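# Structure assessment
Each chain is listed here by its residues.
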Amino acid sequence: NPGKFSRWYGLGVNIFSYALTIGMLYYLALTVFGNRQKALIATGLWAFSLGAVNMVMYIRMYCLLTLFTISVTAFTLKYMKTGSYIALFLAYLCFILGGLTDYIFWIFGFFLTLAFVIVRFRHHFLQAFTYAAVALAGFLSTCAIFPTTYQQFINSNSLSRRATNN
């Protein structure tokens with residue numbers, strides 16, 4: 001409703017993002033450990049941690065950002081292990097949505113892409129090149145959708161930096 005504020009608007013998005021993050025974290029942990037019990041323990045340790053609960057209660061973009069960070073990592077590992085183009089496409093979508101959530105996502109995206117390329121370059125050059133191209137396409141798509149993304153990322157006079165210097 002215009003002109004009406006309720007904390008539940010923000011908490012609703014955070015709770016929904018938190019629930020999806022728990023599911024994606026379980027999927028990621030299952031991919032990493034290959035064991036349901038270990039994946040459940042790892043997910044539970046994060047889900048019931050003070051940091052995770054605080055992230056949900058603090059109405060900012062961090063819960064949504066965590067969802068896209070965990071998701072792009074999970075889909076990247078899936079693509080690395082199976083070569084699935086569906087996983088690659090989902091990683092692309094996560095690159096876009098994460099970049100639209102906050103420009104600092106691209107710092108993580110850069111290092112995730114760099115790590116992927118370093119690990120896969122020697123024996124799986126085409127896969128490394130394809131992944132790097134998809135990550136770059138995600139960044140360019142984010143810039144096309146929200147052109148100030150690039151300026152916010154490189155400009156030291158961005159609004160958020162000026163606000164924190166007060």
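Every value quoted in this text rests on a predicted model; they were computed, and no experiment measured them.

Reading the values: the criteria
- Residues numbered from 1 in each chain as written.
- Predicted model: local features only at pLDDT ≥ 70, side-chain atom pairs only at ≥ 80, totals over all residues.
- Heavy atoms only, no water.
- Helix = DSSP H or I, 4+ residues; strand = E, 2+ residues; numbered from the N terminus.
- Buried < 20%, exposed > 50% of the residue type's maximum accessible area, 1.4 Å probe, protein only.
- Areas by Shrake-Rupley, 256 points an atom, 1.4 Å probe, with all protein chains shown as cover.
- Axes fitted to C-alpha atoms, helices over the stretch in contact; angles between N-to-C directions.
- Parallel < 35°, antiparallel > 145°, perpendicular 65-115°, else oblique.
- Left-handed = near helix turned anticlockwise from the far one by under 90°.
- Contact = heavy atoms within 4.5 Å.
- Nonpolar A, V, L, I, M, F, W, Y, C, P; charged D, E, K, R; others polar.
- Expected span 1.5 Å × (residues − 1).
- Patch = residues over 30% accessible without salt bridge, like charges linked within 9 Å, V, L, I, M, F, W, Y side chains within 5 Å.
- Salt bridge = Lys/Arg side-chain N within 4 Å of Asp/Glu carboxyl O.
- Core = buried A, V, L, I, M, F, W, Y, C linked by side-chain atoms within 4.5 Å.
- Phe/Tyr/Trp six-rings, centres within 6.5 Å; stacked < 30°, edge-to-face > 60°.
- Arc of directions from axis to C-beta.

### Comments concerning the overall build of the protein
Assigned secondary structure in the protein consists of nine helices and zero strands. Secondary structure elements of the protein occur, N-terminal to C-terminal, as α-α-α-α-α-α-α-α-α. Dimensions along the principal axes, computed over C-alpha positions, put the protein at roughly 55 × 40 × 30 Å. Burial status across the protein gives 37% buried among its 166 residues. With the model as given, the accessible surface of the protein reaches about 10,400 Å², and the carbon-plus-sulfur share is 70%.

### Quick notes on the packing of helix 6 (residues 105-120) against helix 7 (residues 125-145)
In contact at an axis separation of 8 Å, helix 6 and helix 7 are set at 165 degrees when each is read in the N-to-C sense. Put simply, helix 6 runs roughly antiparallel to helix 7. Taken as a pair, helix 6 and helix 7 cross one another with a handedness that is left-handed. Residue-level inspection shows Trp-106, Leu-112, Thr-113, Phe-116, Val-117 and Arg-120 of helix 6 in contact with helix 7, the latter providing Phe-125, Gln-127, Ala-128, Tyr-131, Ala-132, Ala-135, Gly-138, Phe-139 and Thr-142. Class assignment of the residues belonging to the contact of helix 6 with helix 7 gives a composition of ten nonpolar, four polar and one charged.

### Things to note about helix 6
Here helix 6 is 16 residues long and its end C-alpha atoms lie 22 Å apart, about the 22 Å a rise of 1.5 Å per residue gives. Of the surrounding elements, those touching the buried residues of helix 6 are helix 4 (62-82), helix 5 (85-101), helix 7 and helix 8 (148-154).

### Focus on a nonpolar patch on the surface
A contiguous nonpolar surface patch, about 680 Å² in accessible area, is contributed by Ile-104, Ile-107, Phe-110, Phe-111, Leu-114, Ile-118 and Val-119. With respect to the helices and strands, the residue Phe-110 is situated in helix 6.

### As for the nonpolar core
Ranked by size, the top nonpolar core spans 26 residues in total, and within it Met-24, Val-72, Tyr-79, Phe-95, Phe-105 and Tyr-131 carry the most contacts. Looking at this core, the elements with two or more residues in it are helix 1 (7-33), helix 4, helix 5, helix 6 and helix 7. Sorting elements by how many residues they give to this core places helix 4 first, with nine residues. Once residues within four sequence positions are removed from consideration, Phe-105 is found in contact with Leu-65, Phe-68, Thr-69, Val-72, Cys-94, Phe-95, Gly-98 and Gly-99. Counting six residues, the second largest nonpolar core, distinct from the first, contains Tyr-18, Ala-47, Ala-52 and Val-56.

### A look at the environment of Leu-25
As for its placement among the helices and strands, Leu-25 is situated in helix 1. Sequence separation between Leu-25 and Tyr-9 is 16 residues, and the spatial gap between their C-alpha atoms is 24 Å. Filtering out sequence-adjacent residues up to four positions away, Leu-25 remains in contact with Thr-43, Trp-46 and Ile-70.

### What to know about the packing of aromatic side chains
By the definition in use, this model includes 16 aromatic pairs. With a centroid separation of 6.3 Å and 5 degrees between ring planes, the pair formed by Tyr-58 and Tyr-62 is classed as stacked. Given the relative accessible area of 33%, Tyr-62 is considered partly exposed. A centroid spacing of 6.3 Å and a plane angle of 55 degrees characterise the contact between Phe-105 and Phe-108, whose relative ring orientation is tilted. One end of the pair, Phe-105, and the other, Phe-108, are both in helix 6, three residues apart, so they sit about a helical turn from each other. Counting every residue linked through ring pairs, the aromatic cluster contains Tyr-79, Tyr-85, Phe-95, Phe-105, Trp-106, Phe-108, Phe-116, Tyr-131 and Phe-139.

### Things to note about helix 3 (residues 50-57)
For helix 3, the full list of buried residues reads Ala-52, Met-55 and Val-56. Projected down its long axis, helix 3 carries its buried residues within an arc of 95 degrees, all on one side. With respect to the buried face of helix 3, the exposed residues turned more than 90 degrees away are Leu-50 and Met-57. Where helix 3 is buried, its residues meet helix 1, helix 2 (36-47) and helix 4.

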